[in-house]
Amino acid sequence: MPTPSRRDFLRLTAAPLLAQSSAKPNVIVILTDDQGYGDFSCHGNPILKTPNMDAIHSESVRFVDFHSAPMCTPTRGQLMTGVDALKNRATSVTAGRAVLRRDLPTMADVFKQNGYRTGIFGKWHLGDNYPYRPMDRGFDEARYHLGFGISSAPEFSNDYFNGRHRHNGVVKKFDGYCADFWFREAMTWMKQKQGPFFCYIPTNTPHGPAWVDPKYSEPYNKPMLPKDFFGMIANVDENLGKLDTFLRQENLRENTIVVFLTDNGATAGFNVHNAGMRGRKTQYYEGGHRVPCFVRWPKGGLRKPSDSRVPAQMQDILPTLIDLCALKKPAVSFDGRSLAPILTGKAEDIGDRMLIVQYGQIPKKFEATVIWGKWRLVNGTELYDIHADPAQERDVAAASQDVLARMRAHYEKWWAPIEPTLKDFLPISIGAPQENPVVLCSSDWEEVYADNPGHVSSAAGGPQGGPWNVFVERGGEYEIRLLRWPPDLNLALTAGREAQKMTLGQLPAGKAVPIAGARLTVAGQKLSASTRSSDTFATFRVKLTAKTKSKLHGWFVDGQGADVCGAFYAVVRITT
């Protein structure tokens, strides 16, 4: 029997919704960005002070052998779906691999179809365009930014202070500091008390750039310390304290499940304290993917606050919340398992299993970590006993050939059905009523890494950039504008750009490029256009057939017809 699609799940579960009741627990999932396992005073950091994070830690069941992906988008996709990154297709932060399969229900879908209000406040990073935006994936209320952060290519020239965000897709300004805004809006939304809620607060901090009010970083203004990185963590910590006060004041605290996580291993705090682990963000050693997981539910009958050393992963969170909240389970084959038996004290473990940590712009066989109890198989050849050697200094593969063989065999079986899908890119819709026009950005170029302002400013990405994978929702005539700079800046194609001073810090100066024309390929059509030095975009008009998938590729040429750079932005509109 075929697995029901996400649409089938939404249809099948809409009818038997559980009646909203105050007895149903609320759920808050907090995910901080680029905060490593060692960036907590409760984890032994000798410098950084995190009193409110420490308080959650002290009141929670803690999974101390808990694993994310070593980079943010894959972690977020695994959290939202309970499915491994290479299966849900959100395998990278850019390069056309930062969106989720449409047929997989998200955590928001599951809660929504069980009578919950659903809201996201912060960083989504699982698709900027329809049908991948948070409000397309189950969130009733979505206040978020595009791309990896407020300084990413899709958010070019945005600021952490008094910047802009999307409210259910509509661009609006926010007041104050970004992290303060996410928490403030989340609390305003939770205060409505219109039935149980699922509130997702994925902060874009402490990810760089390290822009924060100096009052938070000043305590760490000492040589060799990442003062502004620590300052951003201090700001998040302060907001967690405000959130806890709010929950008490609104009588929500006792029946609210709080799950606190971070999205990958160590970054700027690596050299200060990494809890004795080898590796950092992007790497497959323990310090790249072992992260905190705190679960608190005061009236939920959880075991006393304590540590569980059972290996666990992001993919476990959705199955766990389904069990804790007694939700109807979607017809999905989760890669995660419910941790509810451990949380409630009914069991000490959830059975023997192997976990696989893998992500990548171009995933390759055995570029991964396989986790099996105390064992770590890294890159298919290195084997470590974490209990005896937590710093992963001694490769014991030669002395443990039977373990090595079993872990490699498990990975081989897992990889086999995935490998044929790795070139199957998920397309962005164009011509859909839900989003017309569509603004495409270089962050979604296929297999090209060009997701930050530095890439745009320096015209990186090669002489042609990369193509966008698109799906034509409606047939007709389309106007396609190709741009060197973001549409809102209204800069000429040939223009350079001075460094832009922000509230704190600055964006880099932009390179002038001698653009004299543009090229476009889409749906088998190859088009050219000449441009003047004062033009801000090149315009093409094409006819496209409904319900077809294509690669839309635009780039610029100089006066001699030589390719000079990709079109970093495109505005695509169906006109007839």
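Here, the structure is the one placed above.
Residues numbered from 1 in each chain as written. Predicted model: local features only at pLDDT ≥ 70, side-chain atom pairs only at ≥ 80, totals over all residues. Heavy atoms only, no water.

What about the overall build of the chain?
Phase 1: Along the chain, the regular secondary structure elements total 13 helices and 29 strands.
Phase 2: In terms of C-alpha radius of gyration, the chain reaches 24 Å, essentially the compact-globule figure of 25 Å for 576 residues.
Phase 3: Seen along its three principal axes, the alpha-carbon backbone of the chain occupies a region of about 70 × 60 × 60 Å.
Phase 4: Split into buried and exposed, the 576 residues of the chain put 62% on the buried side.
Phase 5: Of the contacts made within the chain by residues no fewer than 6 positions apart, 70% connect residues no fewer than 24 positions apart. (Helix = DSSP H or I, 4+ residues; strand = E, 2+ residues; numbered from the N terminus. Rg over C-alpha atoms; globule rule 2.2 N^0.38 Å. Buried < 20%, exposed > 50% of the residue type's maximum accessible area, 1.4 Å probe, protein only. Contact = heavy atoms within 4.5 Å.)

Regarding the environment of Pro74
Phase 1: Relative to the helices and strands, Pro74 is located in helix H3 (residues 72-81).
Phase 2: In the structure, Pro74 is positioned 467 residues away from Arg541 in sequence and 36 Å away in space, judged by C-alpha atoms.
Phase 3: Excluding its chain neighbours within four sequence positions, the residues that come into contact with Pro74 are Ala69, Ala85, Ala90, Thr91, Ser92 and Tyr359.

Examining helix H10 (residues 317-324)
Residues spaced three or four apart along an α-helix point in a common direction, a consequence of the helix completing one turn every 3.6 residues.
Phase 1: The element H10 is extensively covered by neighbouring structure, given that seven of its eight residues are classed as buried.
Phase 2: The complete set of buried residues in H10 reads Ile317, Leu318, Pro319, Thr320, Leu321, Ile322 and Leu324.

Focus on the packing of helix H2 (residues 51-58) against helix H8 (residues 227-249)
Phase 1: The N-to-C vectors of H2 and H8 enclose an angle of 55°; their axes lie 7 Å apart at closest approach. Classed by the angle they form, the pair H2 and H8 counts as oblique. When H2 is examined against H8, the residues Pro51, Asn52, Met53 and Ile56 are found in contact with a partner set consisting of Ile233, Val236, Asp237, Glu238, Leu240 and Gly241.
Phase 2: When grouped by side-chain class, the residues that make up the contact of H2 with H8 number six nonpolar, two polar and two charged. (Axes fitted to C-alpha atoms, helices over the stretch in contact; angles between N-to-C directions. Parallel < 35°, antiparallel > 145°, perpendicular 65-115°, else oblique. Nonpolar A, V, L, I, M, F, W, Y, C, P; charged D, E, K, R; others polar.)

Observations concerning the pairing of strand E21 (residues 476-483)
Each regular strand shows side chains that alternate between the opposite faces of the sheet.
Phase 1: The pairing of E21 with strand E26 (residues 538-544) spans seven bridges and is classified as antiparallel. The residue bridging Glu479 from the neighbouring strand is Arg541, located in E26.
Phase 2: In terms of strand pairing, E21 meets strand E29 (residues 569-574) through six bridges, oriented antiparallel. Note that in E29 the partner of Arg481 across the bridge is Val571. (Pairing = 2+ DSSP bridges.)

Brief notes about the packing of aromatic side chains
Phase 1: Counted by the stated rule, this structure contains 27 aromatic pairs.
Phase 2: Centroid distance Trp189 to Phe197: 6.0 Å. Interplanar angle 65°. Geometry classified as edge-to-face.
Phase 3: Exposure remark for Phe197: the relative accessible area of 1% places this residue in the buried category.
Phase 4: Look at Phe198 and Tyr200: their rings are 6.5 Å apart centre to centre, the planes differ by 10°, and that puts the pair in the stacked class.
Phase 5: One aromatic cluster is present, formed by Phe111, Tyr116, Trp124, Phe139, Phe198 and Tyr200 through successive ring pairs. (Phe/Tyr/Trp six-rings, centres within 6.5 Å; stacked < 30°, edge-to-face > 60°.)

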